[in-house]
Amino acid sequence: KFSPDAPSRVSMEMLCHTPIEAKSRFLPPAIFTHSSCVQRSMRRDLGILPDETWPWNPEVQWRLNAFARNLASEDLPRPFLTPYVPGLTVLIPHYGEQILLRRKDLEIAAANAGEEVPLIAWLEKRYHGDFGAFTSRMTRLHDPWPRAGSRWDHYQDNHWEEICMWASMRSQTLWRTVEGLMLYQPALDCFNQMVERENQHSRLLWDSYEVFTCMVSMQMYAFFDDDQYSHAEKLLERFQRPGGAGQTPWQSFQIAFIDFKEKGENANADGIHGAQERRYFSCLIDPGCAKEGLRRKPRLTVELPGFPILGDGKGDNQNHAIIFSRGSIIQCIDANQGGYFEQMLLLPCALGEFRQEGPGLNPRIVGFAEHITSDIGSLGDFAAGAETAFGTVLQRCYSFLGGRMHYGHPDMMNKEFMIQQGGVSKATKTVNLSEDIFAGMDFTLRGNGRNIVHREYLHVAKGRDLGFNTILTFFSKLSAGTGEQLLTRQVLRLGHELDLPEFLTFYYAHAGFYLTQFFLSKSIPLLVFIWLVVVLDDPEQNFPAMNPDSKGTSGATVIATMLITQFSKLLLLFIVATLAPLFMQVWLESSLVSALLRVIKQIFTLAPLHFVFQAKVIGNYITNEVTLGGAKYLPTGRGLPTTRRAFLRRLDKGGGLYNDYAVLALYDGAQLLLAVLLVILGGGLAVEFSLFWWLLALGLTICSWLLV
């Protein structure tokens, strides 16, 4: 039985405190009662029949299904047993992401009341049941706690601290990421208790704090303001080892950052370059470090040979912190991810992927699946669906066919072999804009037993961009980074070294996808231009005037014959093939009914229009990068889209949607519409057969470029 006064961490002793006698019988929970697929669909998917045993929360449903599916996975390796579990460091790069939401972030100013929705009101509406449970919990723990519901002016400052914590766990914040990944700690402790039960005579000592480390590499820590320092301090206090800072030097949560100071009088004696203006240091702090004002005094300090940020930031931010990592394995995590306790219980099995016959650990990169939690709104659902397919079905295929590379998160990798090639990311400015994939390319090119695999028995949460502008900005960054990839020696060498099937997979998974988007966005205007030229300048129409017996075919008929050959019912096959990865993955994770409903929902919310526009953006950015260059990192921001952006607005006030997309798509859409009208006036539709499928593709393109 659990109470508000019970410890926050659940141990194996608490779960298994009552031994089961040999002859005792017990009934399993009703949720494990056997039922047919028809009964499950009627009860859980369609809701026609009541099912009191199945939780109503979709997130809880996914977690139960995913954990049961992971336990039955054939890929699940034999786990490392304590005390032989290899050390693991979770590395989280942080630049300007929100650490913890504040009250002013959740509310809005009166001046913006017409253009902005309060974030806390949106979160309460979205997670209404969770907020009710949060209120009940706070009523027991904090007396008094107002029963004010969504009347936010009734809450005091101490209440808002708890509300900000609750909202941060339901937003894409660093707090949520660290809170989720630190669940590795109690999971390892539970696993160790289970092993000790089986080996009661063993006297080997083992401490999970010496094995697991969660390190946040805060690039801008030295430049934080007061609020950011207080949020970082809350992180350090929240994840301090129980028992006080003086008990042991081992702390699982650490922060690495780059500090600086002036050269000083001893610069020449220390060998500092004369042109260097400051001295830079990699520093490490943990909850056991003493406070110095708003900051902590570093436990470790390593001087760097100059200004460390030579690339676009993220790669350097990751690599400078590797020297402080512990253990043989590093897992890269982004600051918009999270974790689940039941998934973390499989960590010893995941570490078993690195077991090999000889000494040392297997030189490999192991990728894991992501559970996308940002399917909020139509655009969020589109982005979440695309990311779900990419992170599961496509990664599975790429790994099987030999074309998978390193994508940064949540990959685990052998630290020893990653250090040999300079780190977990490449950090040359502009060229390595997509910094993670170059580490995978170099890893593959080095060969000698190195391999990259993908597994789906362990999941981490992942948030994606939610707004129209942020989604397209994200893809523009990926497109520009892919354009730089095409010009690098790594791609050239992979083309020389990979076998044809592997190279075709690598091409399709990377440059081929983006180039295909460019070809698709250019094919429709090109065909319309040819159609217009043939219809308006038809040479066949003059032949009957010179020879009455001539029976030539009109230009409109010729071009229409070509169009119906290419654009027929095969267009439906193209649409089905595009939706198939998402459909199959949802079917695998949930049910056939859920997969059908997800696909139908995307079609009726006009997902094809969004992806046609997205293809236009991708094609524009990748071609501009190849021809002109100048790729740069574009911060997208992962917050909820609570601000309405005007269509027209003065540039000095930030501009509007017209300023963003006029040259990119609106002008091309208007030109395409004008060309189609000219074709119609010229008699381009005066043919004996239907051009329905061609006109459907044409209408989707025009509507997308003009109206999306």
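By convention here, each chain's residues receive numbers from 1 onward along its written sequence. Totals for whole chains, interfaces and linings use every residue, but because this is a predicted model, local features are given only for residues with pLDDT of at least 70 and side-chain atom pairs only at 80 or more, for both listing and counting. As a rule here, side-chain values come from all non-hydrogen atoms in the structure, and water together with hydrogens is ignored.

Novice: Describe the overall build of the protein chain, with residues and values.
Specialist: The helix and strand tally for the protein chain stands at 27 helices and 12 strands. Out of the 708 residues in the protein chain, the part that is buried amounts to 47%. Residue contacts are counted whenever heavy atoms from the two residues lie within 4.5 Å of one another. Taking contacts inside the protein chain between residues at least 6 apart in sequence as the whole, the part at least 24 apart equals 76%. Accessible surface is estimated by sampling points in the Shrake-Rupley manner with a 1.4 Å probe; for residues, cover comes only from the protein chains shown. In the structure as shown, the protein chain presents an accessible area of about 36500 Å², 59% of it carried by carbon and sulfur atoms. Runs of E in the DSSP output that reach at least two residues are strands. Runs of H or I that reach at least four are helices, and both are numbered from the N terminus. In this scheme, a residue with accessible area under 20% of its type's maximum is buried, one over 50% is exposed, and one in between is partly exposed, where area comes from a 1.4 Å probe on protein chains only.

Novice: Can you lay out helix H20 (residues 511-536) for me, pointing to particular residues and giving the numbers?
Specialist: Each residue after the first adds 1.5 Å to the expected span of a helix. The first and last C-alpha atoms of H20 sit 38 Å apart over 26 residues, in line with the 38 Å expected at 1.5 Å per residue. Of all the residues in H20, the buried ones are Ala511, Gly512, Tyr514, Gln517, Phe518, Ser521, Ile524, Leu527, Val528, Trp531, Leu532 and Val535. For H20, the elements touching its buried residues are helix H17 (468-485), helix H19 (500-509), helix H22 (555-566), helix H25 (607-628), helix H26 (657-681) and helix H27 (692-707).

Novice: Could you give an account of the pattern of salt bridges, with specific residues and numbers?
Specialist: Counted as salt bridges are all cases of a side-chain nitrogen of Lys or Arg within 4 Å of a carboxyl oxygen of Asp or Glu. This model, assessed by the stated rule, comprises 29 salt bridges. For Arg103, the salt bridge is made with Asp157, and the minimal N-O distance between the two is 3.2 Å. In this pair, Arg103 is assigned in helix H4 (residues 103-106) and Asp157 in helix H7 (residues 157-168), connecting sequence segments 54 residues apart. Residue Arg103 is classed as partly exposed on the basis of its relative accessible area of 30%. When its relative accessible area of 56% is taken as the criterion, Asp157 is described as exposed. The closest approach of N and O atoms between Arg296 and Glu233, which form a salt bridge, is 2.4 Å. Here the residue Arg296 occupies a position in strand E6 (residues 295-296), and Glu233 occupies one in helix H10 (residues 226-238), the gap between them amounting to 63 residues. Across the pair, Glu233 and Arg296 agree in class, each one buried. Residues joined by salt bridges that share partners form a network here, namely Glu233, Glu237, Lys291 and Arg296.

Novice: Let's hear about a nonpolar patch on the surface: which residues, and what values?
Specialist: Here a patch means residues that are over 30% exposed by relative accessible area and free of salt bridges, tied together within 9 Å if like-charged and within 5 Å if nonpolar (Val, Leu, Ile, Met, Phe, Trp, Tyr). Residues Met584, Trp587, Leu592, Leu596, Ile600, Ile603 and Phe604 make up a contiguous nonpolar surface patch of about 700 Å² in total accessible area. Mapped by element, the contributors of at least two residues to the nonpolar patch are helix H23 (570-589) and helix H24 (592-604). Broken down by element, the nonpolar patch gets its largest block of residues, five residues, from H24. Mapped onto the secondary structure, Leu592 falls in helix H24.

Novice: Outline unusual backbone geometry, listing residues and values.
Specialist: At the junction of Thr82 and Pro83, the peptide bond is cis and its omega measures out at 10° in the coordinates. Inspection of the secondary structure puts Pro83 in the loop between helix H3 (58-71) and strand E1 (88-94). Its identity as a non-glycine residue notwithstanding, Asn448 has a phi of 55°, on the positive side. The residue Asn448 is located in the loop between helix H16 (435-446) and strand E12 (451-462) in this model. For Leu606, which is not glycine, the phi torsion reads 65° and is therefore positive. Tracing the sequence through the fold places Leu606 in the loop between H24 and H25.

Novice: An account of the sheet that holds strand E10 (residues 364-372) is requested, with residue identities and associated values reported.
Specialist: Ordered by their spatial adjacency, 10 strands build an open sheet running E7-E4-E3-E2-E1-E8-E11-E10-E12-E9, and the pairing between neighbours is mixed. Strand pairing shows two members of the sheet lacking a second neighbour, strand E7 (300-303) and strand E9 (337-338), which therefore form its edges. Strand pairing is assigned whenever DSSP detects at least two bridges linking the two strands. Note: E9 against E12, two bridges, orientation antiparallel. The residue bridging Gly338 from the neighbouring strand is Ala461, located in E12.

Novice: A description of the packing of aromatic side chains should follow, citing residues and the corresponding values.
Specialist: Only centres within 6.5 Å qualify two rings of Phe, Tyr or Trp (six-membered ring in Trp) as a pair; their planes then separate them into stacked at under 30 degrees, edge-to-face at over 60, and tilted for everything else. For the structure on display, the rule yields 34 aromatic pairs. On the basis of an interplanar angle of 90° and a centroid distance of 5.3 Å, the ring pair of Tyr221 and Tyr229 is categorised as edge-to-face. Exposure remark for Tyr229: the relative accessible area of 7% places this residue in the buried category. The aromatic ring of Tyr127 is capped on one face by Arg126, whose charged end is 5.8 Å from the ring centroid. Lysine NZ or arginine CZ positioned within 6 Å of the ring centre and within 35 degrees of the ring normal marks a charge as sitting over the ring. Against the face of Tyr209 rests Arg241, its NZ or CZ located 4.1 Å from the ring centre.

Novice: Tell me about the confidence of the model for the protein chain, and please be specific about residues and values.
Specialist: Here the protein chain averages 84 in pLDDT, while 89% of its residues score no lower than 70. Within the model, pLDDT remains below 50 along residues 1-10, and this stretch shows 11 contacts once partners closer than five positions in the same chain are excluded. The quantity known as pLDDT measures the predictor's confidence residue by residue, on a range of 0 to 100.

Novice: Hey, could you go over the packing of H25 against H26 for me, with residue numbers and the actual values?
Specialist: Simply put, an axis is a line fit to the C-alpha atoms, just over the touching stretch for a helix, and the angle between two N-to-C directions goes from 0 to 180 degrees. At a minimum axis separation of 11 Å, H25 and H26 run at an interaxial angle of 125°. Relative to H26, the element H25 is oriented oblique. In terms of crossing hand, the pair formed by H25 and H26 is right-handed. Residue-level contacts link Phe613, Lys616, Val617 and Asn620 of H25 to Tyr661, Leu664, Ala665 and Asp668 of H26. In terms of residue class, the contact of H25 with H26 is built from five nonpolar, one polar and two charged. For classification, angles of less than 35 degrees are called roughly parallel, those exceeding 145 degrees roughly antiparallel, those between 65 and 115 degrees roughly perpendicular, and all remaining angles oblique. For any helix crossing, the convention is left-handed if the near helix is rotated counterclockwise from the far helix by under a right angle, and right-handed if that rotation is clockwise. Put simply, Ala, Val, Leu, Ile, Met, Phe, Trp, Tyr, Cys and Pro go in the nonpolar bin, Asp, Glu, Lys and Arg in the charged bin, and everything else, Gly too, in the polar bin.

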